[in-house]
Amino acid sequence: MTRLPPPEVQAVYDSFPAVEREKLMLVRQLILDCAASVEAGTVTETLRWGQPAYLVKQGSSLRLGIGKTGLAAIFAHCQSSIISNFATAFGTDFELDGNRAVYLDQLGADELEKLRFLILHGLQYKRAPKARLTVAQMNLQK
């Protein structure tokens, strides 16, 4: 059973256009699933900068929202390597906003699988490098 977002977070999701909200809810579930798969601990679901944010003790916050283009996007801290590492692996498959965001134009099974890399990287960002999963370990292919 999928847990519901806190009421204040759900209110923000409800404010998004339906098509973009559906994409963001898929990514939300992927974040929760990824956190469980790497035993990231309790996921705190809150608002940061007015956007749904997902925090774990040994990770960097990931936020979901609507980007400058009007499309759904996943955001990471711009001074981290989360987006740049994702861009190295899958940058030609997604539209990016520098080191800040990945736009979610198309969001099929293939795109969700690739987003796992970004999410897992974010959830494990503060772990020792040897404790993080790599692209190869996730069995992802470009």
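Residues numbered from 1 in each chain as written. Predicted model: local features only at pLDDT ≥ 70, side-chain atom pairs only at ≥ 80, totals over all residues. Heavy atoms only, no water.

J.: Give a description of the nonpolar core that names residues and reports values.
T.: The biggest cluster of nonpolar side chains holds 37 residues, and the ones touching the most others in it are Val27, Ile74, Val102, Leu104, Leu115, Leu118 and Ile119. For this core, the elements supplying multiple residues, two or more each, are helix 1 (7–15), helix 2 (18–37), strand 3 (62–66), strand 4 (72–76), helix 3 (82–90) and helix 4 (109–123). Not counting residues within four places of it along the chain, the set of residues in contact with Leu115 comprises Val27, Leu30, Ile74, Phe86, Phe94, Val102, Leu104 and Leu107. (Core = buried A, V, L, I, M, F, W, Y, C linked by side-chain atoms within 4.5 Å. Buried < 20%, exposed > 50% of the residue type's maximum accessible area, 1.4 Å probe, protein only. Helix = DSSP H or I, 4+ residues; strand = E, 2+ residues; numbered from the N terminus. Contact = heavy atoms within 4.5 Å.)

J.: Quick rundown of the sheet that holds strand 5 (residues 96–97)? Include the residues and the values.
T.: Pairing within the open sheet is antiparallel, and its 6 strands lie in the order 1-2-3-4-6-5. Here the strands that pair on one side only, and so sit at the sheet edges, are strand 1 (44–48) and strand 5. Two elements, strand 3 and strand 4, share 5 bridges in a ladder whose sense is antiparallel. Paired with Gly65 across the bridge in strand 4 is Ala73. Here helix 2 sits on the sheet and contacts strand 1, strand 2 (51–55), strand 3 and strand 4; the angle it forms with strand 3, its principal contact strand, is near 170 degrees. Across the face of the sheet, helix 3 comes into contact with strand 4, strand 5 and strand 6 (101–103) while running at roughly 45 degrees to strand 6. (Pairing = 2+ DSSP bridges. Axes fitted to C-alpha atoms, helices over the stretch in contact; angles between N-to-C directions.)

J.: I'd like to hear about the pairing of strand 3, residue by residue, with values.
T.: In terms of burial, strand 3 is a largely internal element, 4 of the 5 residues being buried. Linking strand 2 to strand 3, which pair antiparallel, is a turn of 6 residues. Taking the residues that link successive antiparallel strands as the turn, the strand 3-strand 4 hairpin has 5 residues, and the phi of Gly70 there is positive, at about 90 degrees.

J.: Provide a residue-level description of the packing of helix 3 against helix 4, including the pertinent values.
T.: Between helix 3 and helix 4, the shortest axis-to-axis distance is 9 Å and the interhelical angle comes to 155 degrees. Classed by the angle they form, the pair helix 3 and helix 4 counts as roughly antiparallel. Crossing of helix 3 over helix 4 shows right-handed handedness. Within the contact between the two elements, helix 3 uses Ile82, Ile83, Asn85, Phe86, Ala89 and Phe90 and helix 4 uses Lys114, Leu115, Phe117, Leu118, His121 and Gly122. Among the residues making up the contact of helix 3 with helix 4, the classes are represented as 8 nonpolar, 3 polar and 1 charged. (Parallel < 35°, antiparallel > 145°, perpendicular 65-115°, else oblique. Left-handed = near helix turned anticlockwise from the far one by under 90°. Nonpolar A, V, L, I, M, F, W, Y, C, P; charged D, E, K, R; others polar.)

J.: Describe the environment of Val9, with residues and values.
T.: Summarising the element assignment, Val9 is placed in helix 1. Counting along the chain gives 37 residues from Val9 to Thr46, while the straight-line C-alpha distance between them is 6.3 Å. When residues no more than four places from it in sequence are discounted, the contact partners of Val9 are Glu45, Thr46, Leu47, Pro52 and Tyr54.

J.: Could you give an account of unusual backbone geometry, naming the residues involved and the relevant values?
T.: Across the chain, the bulk of peptide bonds are trans and the bulk of non-glycine residues have phi less than zero. One non-glycine residue with positive phi stands out, namely Trp49, at about 50 degrees. Given the relative accessible area of 70%, Trp49 is considered exposed.

J.: An account of the pairing of strand 1 is requested, with residue identities and associated values reported.
T.: Alignment of strand 1 against strand 2, held across 5 bridges, turns out to be antiparallel. In the sheet register, Thr46 faces strand 2, and the bridge partner there is Ala53.

J.: Explain helix 4 to me, and be specific about the residues and the numbers.
T.: For helix 4, built from 15 residues, the straight-helix expectation of 21 Å at 1.5 Å per residue is met to within 8% by its first-to-last C-alpha distance of 21 Å. In terms of burial, helix 4 is largely enclosed, as 11 of its 15 residues are buried. Listing the buried residues of helix 4 in full gives Glu111, Leu112, Lys114, Leu115, Phe117, Leu118, Ile119, Leu120, His121, Gly122 and Leu123. Buried residues along helix 4 sit in contact with helix 2, strand 3, strand 4, helix 3 and strand 6. (Expected span 1.5 Å × (residues − 1).)

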